[in-house]
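# Structural features, examined
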Amino acid sequence: MRKNFGAKPFLYPMPVLIIASYDENGVPDAMNAAWGSIADSTQIAMYLSAKHKTVKNILARKAFTVSMADAAHVVPCDYVGIVSANKVPDKLAKSGLHVTKSTLVDAPIIDELPMTLECRLVSFDEESELLVGEIINVSAEERILDENGTIDLSKFSPITFDPVNKAYWTLGKKVGNAFRDGAQLK
C-alpha cells in the first residue's frame, strides 16, 4: 500500500550544490542549493531566487562556480545555506572555507570541495527563477581520482539532501553499470 503526500518537492537524490561568486567588491560568497541539475552536456540549470546575494553577484559578474558538498564539509556547507550574505557579507570566510580564483571564469573555486564546475551565465528568468549556466570546465582534486584519472565516488563522498527529513546523506555503493546492464533485456 502507498501513502499519498500530495504535491511535495520529494526527489532522490538531490545534490547539495555550493554555488560561489564574487560580489561587486571582489568578496567571495557562496550559497547552498539543492534544486539544480545538468541541463545538457554543457549546461547546468538551477532554480534560485533573485533575492539571494549570490544570484545578484552572478547577474553582475556573469560567472559562478558550482561545487558538490561532501561528507567531510557538511558543517560549513550547511552554514552557507542557512546564513544570508545579504545580512552577513563575510559568511564564506566565517564558514572556514577558502577560495582560489578560477583562471577560466570570474568566480571563486572553494578549495576544500574536491570537484567544481566553472560556469558562465547563460540566462536567468526572474519569474521562473531558472538560472542556466554554461559549463566551461570541470576540475577535480587528484585525491578523488582513481588510477585511470576519473572521479571515484568512494574517494569523493558527495552528499545528497533528503527533503523529507531535512537531512544530508552520502551516496551508497555501486549497484550497476549504466548503458550496459539493461542490455541483457534486449
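### So, a negative patch on the surface
On the surface, Asp 125, Glu 126, Glu 127 and Glu 129 cluster together into a patch of negative charge. With respect to the helices and strands, the residue Asp 125 is situated in strand β9 (residues 115-125).

### A closer look at the pattern of salt bridges
Tallied over the full model, the rule gives four salt bridges. Here Arg 61 makes a salt bridge to Asp 106, at a shortest N to O gap of 2.9 Å. Of this pair, Arg 61 sits in helix α1 (residues 53-61) while Asp 106 sits in the loop between β7 (99-101) and β8 (108-110), placing them 45 residues apart in sequence. A residue is classified by how much of its surface remains accessible, and Arg 61, at 25% relative accessible area, is partly exposed. A salt bridge links Lys 101 to Asp 106; the shortest N-O distance between them is 3.2 Å. Since its relative accessible area comes to 25%, Asp 106 is described here as partly exposed. The structure contains a network of salt bridges with shared partners spanning Arg 61, Lys 101 and Asp 106.

### Points about unusual backbone geometry
Omega for the peptide link from Tyr 12 to Pro 13 comes to -15°, which places this bond in the cis form. By the secondary structure assignment, Pro 13 is in the segment before β1 (14-15). At Lys 62, a position not held by glycine, the phi torsion is positive, near 65°. As for its placement among the helices and strands, Lys 62 is situated in the loop between α1 and β6 (63-68).

### A closer look at the sheet that holds strand β5 (residues 43-47)
The strand order across the open sheet formed by seven strands is β3-β2-β6-β9-β10-β5-β4, and the pairing between neighbours is antiparallel. Here the strands that pair on one side only, and so sit at the sheet edges, are β3 (28-33) and β4 (36-40). Averaged over all pairs of adjacent strands, the angle between their axes in this sheet comes to 35°, without regard to strand direction. In the packing of helix α2 (residues 74-82) onto the sheet, contacts are made with β2 (17-22) and β3, and the angle to β3 comes to roughly 95°.

### So, the packing of aromatic side chains
Enumeration according to the criterion identifies two aromatic pairs in this entry. A ring pair is formed by Phe 5 and Phe 10, whose centres lie 5.7 Å apart and whose planes are at 70°; its orientation type is edge-to-face. Geometrically, the ring pair formed by Phe 161 and Tyr 168 is tilted, given 6.2 Å between the ring centres and 55° between the ring planes. Looking at Tyr 168, the relative accessible area reads 27%, which means it is partly exposed.

### Some thoughts on the side chain of Thr 160
Mapping Thr 160 onto the fold places it in strand β11 (residues 159-162). Given a relative accessible area of 9%, Thr 160 falls into the buried group. In this structure the side chain of Thr 160 is engaged in a polar contact, spanning 2.9 Å, whose partner is the backbone oxygen of Met 14. Aside from chain neighbours lying at most four places away, what touches Thr 160 is Pro 13, Met 14, Pro 15, Val 16, Ala 167, Tyr 168, Trp 169 and Leu 171.

### Focus: the pairing of strand β10 (residues 130-140)
In this sheet, β10 lies alongside β5 in antiparallel orientation, the contact comprising five bridges. In the sheet register, Ile 44 faces β10, and the bridge partner there is Gly 133. In this structure, β9 lies alongside β10, joined through ten bridges in antiparallel fashion. Of the residues in β10, the one forming a bridge with Phe 124 is Leu 131. In sequence, β9 turns back onto β10 through a hairpin of four residues, with Glu 129 there showing a positive phi of about 70°.

Cut-offs used in this document
- Residues numbered from 1 in each chain as written.
- Predicted model: local features only at pLDDT ≥ 70, side-chain atom pairs only at ≥ 80, totals over all residues.
- Heavy atoms only, no water.
- Patch = residues over 30% accessible without salt bridge, like charges linked within 9 Å, V, L, I, M, F, W, Y side chains within 5 Å.
- Areas by Shrake-Rupley, 256 points an atom, 1.4 Å probe, with all protein chains shown as cover.
- Salt bridge = Lys/Arg side-chain N within 4 Å of Asp/Glu carboxyl O.
- Lys, Arg positive; Asp, Glu negative; His and termini not counted.
- Charge placed at Lys NZ, Arg CZ, Asp CG, Glu CD.
- Helix = DSSP H or I, 4+ residues; strand = E, 2+ residues; numbered from the N terminus.
- Buried < 20%, exposed > 50% of the residue type's maximum accessible area, 1.4 Å probe, protein only.
- Pairing = 2+ DSSP bridges.
- Axes fitted to C-alpha atoms, helices over the stretch in contact; angles between N-to-C directions.
- Contact = heavy atoms within 4.5 Å.
- Phe/Tyr/Trp six-rings, centres within 6.5 Å; stacked < 30°, edge-to-face > 60°.
- Polar contact = N/O pair within 3.5 Å; in protein donor to acceptor, adjacent residues only side chain to side chain.

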